[in-house]
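Survey of secondary and tertiary structure
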Amino acid sequence: VYPFLTVYMVDKLHFSITDAGWCVAFFGIGAIAGNFVGGKITDKFGFYHLQFWSLFLNGILFIVLGQLQSFWSISICLFITGVVGESFRPANAAAIAYYSSPENRVRSYSLNRLAINLGFSIGPAVAGLLSYHLLFWVDGITCIIAAILFRFTLTPVTSNTSEMDKLTKSVTKSVWRDREYLKFMFFVFLAALCFLQMFSMLPVYYKEEINFSKSLVGFIIALN
C-alpha cells in the first residue's frame, strides 16, 4: 500500500498532491508515536504479543483504509495505522536481540534487514499489477496471515524470562546522554527526510507527470 498511497489518493480519489502529502504526514506523526509507545510497551510487557497484535490489527486497518474516501477519515485512519504498525519495530528489534547470540547479533540484524528488503522488492511489483480495491485487501490479508504464522511458529515469550532480564539489566546508560549516538541519529533523520520521498512523492511524479503505468511504477520501485 505505502508506495502507492499518494498515487491512489491523487489518481483514484482526486486529492490534490498537497492533501495527499498531508495524509502521509499524519501517518508519519502516528509512526513517531508508535515507535515511542512500542518501545515503552516492549520494555514493560515484552516483544512477543506486541508483534502479533501490531501485525494483526495493521491488517484490519489496511482493509478499513481502502473503504474510506474523505480527507479526514483517511488522515485519522493513517495516523492510527502509523501508531499500530510502527509499534512493531522496537518490539522486532528487541526480538532479534533475544533470539540471537552476541556472536551472531550483527549478522542477525543484517539478515532481518535482508528479509525486509526482499519483501519490499516483491511487494511493489505485485501491487502495481493489482487494482486499487484489491491492493488494500491483499496487504491487509497478508498482514493477518503473517500474524497467524508468527503465533504458531514461535513460542510465546514473556518479559520476565532470564534472557530478557539480562538484556534489560545490561542497559545502564540513557540514550539521551549518548551524544555520539544522538549525532548519528540526526544524520539518519536527514537521510530519511530525503529517502522517504521515494515512497510518497516520487510514485506520484512517475504516474502524473511522466504518465508511467501503475505496473511500471511498481517495477521501478521494486528495482530499488
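Scroll up to find the structure.
Reading the values: the criteria
Residues numbered from 1 in each chain as written. Predicted model: local features only at pLDDT ≥ 70, side-chain atom pairs only at ≥ 80, totals over all residues. Heavy atoms only, no water. Salt bridge = Lys/Arg side-chain N within 4 Å of Asp/Glu carboxyl O. Helix = DSSP H or I, 4+ residues; strand = E, 2+ residues; numbered from the N terminus. Buried < 20%, exposed > 50% of the residue type's maximum accessible area, 1.4 Å probe, protein only. Axes fitted to C-alpha atoms, helices over the stretch in contact; angles between N-to-C directions. Parallel < 35°, antiparallel > 145°, perpendicular 65-115°, else oblique. Contact = heavy atoms within 4.5 Å. Nonpolar A, V, L, I, M, F, W, Y, C, P; charged D, E, K, R; others polar. Patch = residues over 30% accessible without salt bridge, like charges linked within 9 Å, V, L, I, M, F, W, Y side chains within 5 Å. Areas by Shrake-Rupley, 256 points an atom, 1.4 Å probe, with all protein chains shown as cover.

Opposite charge on two side chains lets them pair, provided their charged atoms get close. With the rule as written, the count across this model stands at three salt bridges. The partner of Asp11 in a salt bridge is Lys207, and the shortest N-O contact between them spans 3.6 Å. Residue Asp11 is found in helix H1 (residues 5-11), and its partner Lys207 is found in helix H10 (residues 201-209); the two are separated by 196 residues along the sequence. Asp11 gets classed as partly exposed once you look at its relative accessible area, which sits at 30%.

Next up on the list: unusual backbone geometry. If you check the backbone angles, His14 has positive phi at about 60 degrees while not being a glycine. Mapped onto the elements, His14 comes out in the loop between H1 and helix H2 (17-45). Judged by its relative accessible area of 66%, His14 falls in the exposed class. At Asn211, a position not held by glycine, the phi torsion is positive, near 65 degrees.

A few words on the environment of Val126. Examined against the element boundaries, Val126 turns out to sit in helix H6 (residues 105-127). Overall, Val126 belongs to the partly exposed group, its relative accessible area being 40%. Separated by twelve residues in the primary sequence, Val126 and Val138 place their C-alpha atoms 9.9 Å from one another.

A word on the packing of H2 against helix H5 (residues 88-99). Their axes nearest at 6 Å, the elements H2 and H5 cross at an angle of 40 degrees. For the element pair H2 / H5, the angle class is oblique. Between H2 and H5, the contacting residues are Asn35, Gly38, Gly39 and Thr42 on the first element and Arg89, Pro90, Ala91 and Ala94 on the second. A per-class count over the contact of H2 with H5 returns three nonpolar, four polar and one charged.

Together, Ile29, Trp72, Ile76, Phe79 and Ile80 make up an exposed nonpolar region whose accessible area comes to about 490 Å². In terms of residue count, the dominant contributor to the nonpolar patch is helix H4 (residues 71-86) (four residues). Looking at Phe79, the relative accessible area reads 32%, which means it is partly exposed.

This part is about the side chain of Thr42. In this structure, Thr42 sits in helix H2. Judged by its relative accessible area of 6%, Thr42 falls in the buried class. Sequence-distant contacts of Thr42, defined by excluding residues within four places in its chain, comprise Phe47, Leu50, Pro90, Ala91 and Ala94.

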